[in-house]
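What follows is each chain in one-letter form.
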Amino acid sequence: MATEILMPALSPTMEEGTLAKWLKKEGDTVAAGDIIAEIETDKATMEFEAVDEGILGRILIAEGTEGVKVNTPIAVMVEEGESVADAAPKTRTESGTKPEPEPSAKAEAPRTPAAPKPAARAPEPDWPEGTETRNQTVREALRDAMAEEMRREDTVFIMGEEVAEYQGAYKITQGLLDEFGARRVIDTPITEHGFAGLGVGAAFGGLRPIVEFMTFNFAMQAMDQIVNSAAKTLYMSGGQMGCPIVFRGPNGAAARVAAQHSQDYAAWYASIPGLKVAMPYSASDAKGLLKSAIRDPNPVIFLENEILYGKSFEVPVLEDFTVPFGKARIWREGRDVTLVSWGIGMTYALEAAKKLATEGISAEVIDLRTLRPIDYETVLDSLRKTNRCVTVEEGFPVGSISNHLSAVIMREAFDWLDAPVLNCTGKDVPMPYAANLEKHALVTTDEVVAAAKQVCYR
Amino acid sequence: MAARKGAATANVSRDDLMKYYRDMLLIRRFEEKAGQLYGMGLIGGFCHLYIGQEAVVVGLEAAASEGDKRVTSYRDHGHMLACGMDPKGVMAELTGREGGYSRGKGGSMHMFSREKHFYGGHGIVGAQVPIGAGLAFADKYLGNDRVTFTYFGDGAANQGQVYETYNMAELWSLPVIFVIENNRYAMGTSVKRSTKSPSLWERGAAYGIPGEEVDGMDVLAVKAAGDKAVAHCRAGKGPYILEVMTYRYRGHSMSDPAKYRTRDEVQKIREERDAIEHVRQLLLTGKHASEDDLKTIDKETKEIVNASADFARESPEPDVAELWTDIYADA
Ligand SMILES: Cc1ncc(C[n+]2csc(CCOP(=O)(O)OP(=O)(O)O)c2C)c(N)n1
Ligand SMILES: [Mg+2]
């Protein structure tokens with residue numbers, strides 16, 4: 001019986017891939033376990049093994065084809081004696097997911113009198129007009145930032161699990177070992193508390209460590225060194241002993257990796273005096289902020305996101321491009337409502353703004369970019385113009401950055417508010433594994449749209 | 001198949017050999033099927049296969065008695081099958097369905113069974129080690145003679161909490177067997193690149209814990225070492241360490257291209273040291289079973305695995321209301 005070979009999913013985030021190479025030809029006999037093709041995923045080139053034995057009857061997708069969706073038939077296997085013509089590709093249906101229920105009905109919010117509207121601050125660009133830019137992924141931008149800083153300053157080094165020979169579990173340190181050697185690009189054993197503390201000591205000792213956590217979920221093993229040693233020593237030493245160190249890695253939910261591997265720690269770190277916290281969304285911010293972080297004399301928590309790693313943005317081609325901490329970026333100007341977000345939350349905020357525009361609501365979208373310090377002024381200026389604000393955050397709702405922003409807005413701009421500030425956050429549950437539940441646990445664009453309409457009384 | 005030295009085959013019964021063969025084969029076929037379902041997008045996230053390491057859990061489960069406990073890392077499918085959990089429930093958890101052991105909420109890395117005394121499935125490297133000692137603490141406190149098998153990897157062996165646990169376990173004579181599954185790699189890092197200790201089990205000496213190295217590709221050797229460790233624990237003599245030398249054939253997880261080792265290295269071990277092939281040869285040469293008998297077992301195993309996959313595909317997704325359940329126990 002002819003069977004189809006389908007494009008396999010070879011990583012948690014893979015939706016499509018490149019069929020890089022066929023290692024078997026039509027007519028070749030294949031044994032179970034033979035490598036039949038090489039497939040490039042979003043992370044790496046993987047060897048694809050045959051599951052069953054048979055003859056490669058027909059190749060449906062030529063090598064070199066990019067963007068082949070997972071589960072697309074790529075070849076047909078036939079059995080001994082069967083002709084390839086018998087290999088009629090069948091279509092398959094997998095169990096589908098049910099449509100999402102509508103978000104729950106909105107509650108009436110109290111009105112407050114409208115206040116005079118000041119002129120909004122004009123957004124400053126991050127780079128001079130006319131600067132050449134190029135399209136880069138967040139992954140490449142992060143790597144370039146580290147490489148540039150390592151070229152600039154010999155005391156900068158990187159350590160972490162799989163950062164050197166494996167080129168990074170998420171390929172952020174690709175090529176660094178080749179360029180800088182094993183003295184400066186260091187594979188550690190799996191001992192987060194140990195190497196975080198060692199990094200703190202190295203920083204006290206005059207170096208500028210970049211410590212990569214394979215993901216921030218594992219930084220919980222190292223929490224004591226980050227909070228009690230890195231963040232507090234400058235203060236406790238009366239200003240003598242600073243700790244210039246960057247702790248970086250992916251933070252927040254990836255895809256289907258469940259409760260222990262899907263948590264946004266932004267609010268945790270941002271609550272600690274002595275730490276700085278950056279959480280970029282775009283590639284240019286990832287680059288400019290990471291360079292600033294490495295030069296900063298303080299401990300910086302640099303929260304990346306696995307889902308954003310493969311996303312491309314324009315990055316300026318400049319000798320030395322940095323983005324300062326504490327300066328938000330206005331991605332979209334608007335009149336009716338201010339959407340404030342950071343990191344992956346920006347994906348939902350920007351999508352929501354687009355949808356809202358089709359319904360005649362003009363949303364201003366602000367990316368905080370750093371969570372310690374926070375650029376309150378940009379948020380307040382925008383709010384004094386729109387009189388309405390919705391925050392978008394992936395993390396848990398209780399004790400969130402969103403809660404903090406709401407409090408600051410209430411204190412500083414109460415009279416300008418035409419509606420309560422609403423927080424769109426992840427749900428107050430550990431991340432479930434099941435695909436349908438995971439979707440519900442995360443914040444969604446529809447929830448942001450609904451909240452924006454609610455504060456606009458629409 | 002190369003001849004093996006030292007393996008005690010004299011006093012092993014046909015029934016035992018047949019059981020080891022069946023149990024190891026079930027794990028292998030189950031894992032192959034899981035790999036297939038992952039490729040089809042039916043399983044998501046991280047999925048760590050146990051192929052190559054089957055003799056470790058099958059040998060140690062043979063040394064365990066009813067009521068003994070076990071806890072391990074994310075590479076946990078084999079442990080669950082070996083301790084008698086239902087393949088259907090395990091596979092349905094891998095696909096994130098209602099019929100799974102955690103009703104779809106835990107996934108491949110986080111599964112549990114009170115009934116079978118399986119305490120997980122833990123995603124954070126090393127975190128299960130003190131938990132295993134805590135399970136043993138509870139048994140000692142309650143005054144029974146149960147032991148806890150606490151499995152962890154060669155990479156996990158470098159986590160600080162392992163040594164904090166060793167100290168307490170020996171200090172309080174806890175009935176816990178620390179099983180280091182040394183499969184030579186922690187993701188892409190070989191043992192040689194992560195430690196200069198010549199052996200991992202010998203680190204126990206610093207805390208006064210006895211232990212030994214075991215050939216993890218020989219289920220009989222694993223069973224024999226397990227018996228010894230269990231006897232030590234049940235006699236109230238405290239913890240014991242088994243460093244079981246094994247090998248994983250597949251990548252670390254489904255997204256690992258495994259470029260840190262050669263295909264030849266994998267191929268050589270598959271050909272010369274495969275644990276299932278070893279028992280197969282013992283069965284055939286000892287005239288305990290014919291080729292036909294083994295074919296029948298292969299067929300039955302495939303049927304069990306296929307039924308688990310069918311169940312895992314047909315079981316519905318959890319009800320959306322499940323999102324909000326199990327966060328707190330009812331007071
Ligand atoms: C605290 C922590 N750090 C890092 C990781 C990422 N990680 C998952 S498995 C793994 C390798 C562990 O290797 P080993 O202990 O030898 O077990 P094996 O996978 O070989 O069974 C790493 C680094 C993690 N899950 N938890
Ligand atoms: Mg290992």
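Note that the structure is predicted; figures quoted are calculated from it, not measured.

1. What to know about the overall build of chain B
Right, so step 1: Looking only at helices and strands, chain B has 11 helices and seven strands in total.
Right, so step 2: Taking 2.2 N^0.38 as the reference for a compact globule, 331 residues should give roughly 20 Å; the C-alpha atoms of chain B span a radius of gyration of 19 Å, in line with that estimate.
Right, so step 3: Taking the principal axes of the C-alpha coordinates as reference, chain B spans close to 60 × 50 × 40 Å.
Right, so step 4: Buried residues in chain B amount to 61% of all 331 residues.
Right, so step 5: Considering only contacts in chain B between residues 6 or more positions apart, those separated by 24 or more positions represent 75%.
Right, so step 6: Of the roughly 13,300 Å² of accessible surface on chain B, 52% is carried by carbon and sulfur atoms.
Right, so step 7: Side-chain charges in chain B split into 42 positive and 47 negative, and the spacing between the mean points of these groups amounts to 4 Å.

2. Details of the site of ligand 1
Right, so step 1: Taken together, 22 residues are adjacent to ligand 1, and Glu192(A), Tyr74(B), Arg75(B), Gly155(B) and Ala156(B) come closest.
Right, so step 2: Neighbouring residues of ligand 1 are distributed over chains A and B.
Right, so step 3: Within the backbone of Ala156(B), a nitrogen or oxygen atom sits 2.8 Å from an oxygen atom of ligand 1.
Right, so step 4: Contact with the protein chains hides 96% of the accessible area of ligand 1, taken as 590 Å² for the molecule alone.

3. Points about the sheet that holds strand 6 (residues 211–215) of chain B
All names here are of chain B.
Right, so step 1: Within the open sheet, the five strands sit side by side as 1-2-3-7-6. Their pairing is parallel. Edge strands, defined here as strands with exactly one partner in the open sheet, are strand 1 (69–71) and strand 6. Direction aside, neighbouring strands of the sheet carry axes that sit 20 degrees apart on average.
Right, so step 2: Pairing between strand 6 and strand 7 (residues 240–245): five bridges, direction parallel. Bridge pairing in strand 7 links Gly-211 to Ile-241.
Right, so step 3: Sheet strands touched by helix 5 (residues 128–142): strand 1, strand 2 (148–153) and strand 3 (176–182). Its angle to strand 2, the strand with the most contacts, is close to 175 degrees.

4. Section: the interface of chain B and chain A
Right, so step 1: Residue-level contacts link 52 residues of chain B with 54 residues of chain A.
Right, so step 2: The contact between chain B and chain A buries some 4,300 Å² in all, and 56% of this surface belongs to carbon and sulfur atoms.
Right, so step 3: Per-residue buried area on chain B facing chain A is highest for Ile124(B), Glu317(B) and Leu323(B); these three make up 15% of the total on that side.
Right, so step 4: At the junction of chain B with chain A, the criterion picks out four salt bridges.

5. Here we look at the nonpolar core
Right, so step 1: In terms of nonpolar packing, the biggest core is built from 78 residues, with Phe149(B), Ile177(B) and Leu242(B) touching the most fellow members.
Right, so step 2: In terms of residue count, helix 1 (residues 14–39) of chain B provides more of this core than any other element does, 12 residues in total.
Right, so step 3: Apart from residues lying up to four places away in sequence, Ile177(B) is in contact with Val147(B), Thr148(B), Phe149(B), Thr150(B), Ala229(B), Val230(B), Cys233(B), Tyr240(B) and Leu242(B).
Right, so step 4: Counting 72 residues, the second largest nonpolar core, distinct from the first, contains Ala147(A), Leu289(A), Ala451(A) and Ile124(B).

6. Regarding the pattern of salt bridges
For side chains of opposite charge, pairing can occur when their charged atoms come near one another.
Right, so step 1: This structure, assessed with the given rule, holds 55 salt bridges over all chains.
Right, so step 2: Note that Lys327(A) and Asp126(A) form a salt bridge whose closest N and O atoms lie 3.5 Å from each other. In this pair, Lys327(A) sits in the loop between strand 16 (312–316) and strand 17 (329–332) while Asp126(A) sits in the loop between strand 8 (73–78) and strand 9 (133–137), placing the two residues 201 residues apart along the sequence.
Right, so step 3: The partner of Arg193(B) in a salt bridge is Asp187(A), with the nearest N and O atoms 2.9 Å apart. Here the residue Arg193(B) occupies a position in helix 7 (residues 191–194), and Asp187(A) occupies one in strand 11 (residues 185–187), the pair thus bridging two chains.

Rules behind the numbers
Residues numbered from 1 in each chain as written. Chains lettered and ligands numbered in written order. Predicted model: local features only at pLDDT ≥ 70, side-chain atom pairs only at ≥ 80, totals over all residues. Heavy atoms only, no water. Helix = DSSP H or I, 4+ residues; strand = E, 2+ residues; numbered from the N terminus. Rg over C-alpha atoms; globule rule 2.2 N^0.38 Å. Buried < 20%, exposed > 50% of the residue type's maximum accessible area, 1.4 Å probe, protein only. Contact = heavy atoms within 4.5 Å. Areas by Shrake-Rupley, 256 points an atom, 1.4 Å probe, with all protein chains shown as cover. Lys, Arg positive; Asp, Glu negative; His and termini not counted. Charge placed at Lys NZ, Arg CZ, Asp CG, Glu CD. Near = heavy atom within 4 Å. Polar contact = N/O pair within 3.5 Å; in protein donor to acceptor, adjacent residues only side chain to side chain. Pairing = 2+ DSSP bridges. Axes fitted to C-alpha atoms, helices over the stretch in contact; angles between N-to-C directions. Buried area = accessible area lost by both parts, 1.4 Å probe. Salt bridge = Lys/Arg side-chain N within 4 Å of Asp/Glu carboxyl O. Core = buried A, V, L, I, M, F, W, Y, C linked by side-chain atoms within 4.5 Å.

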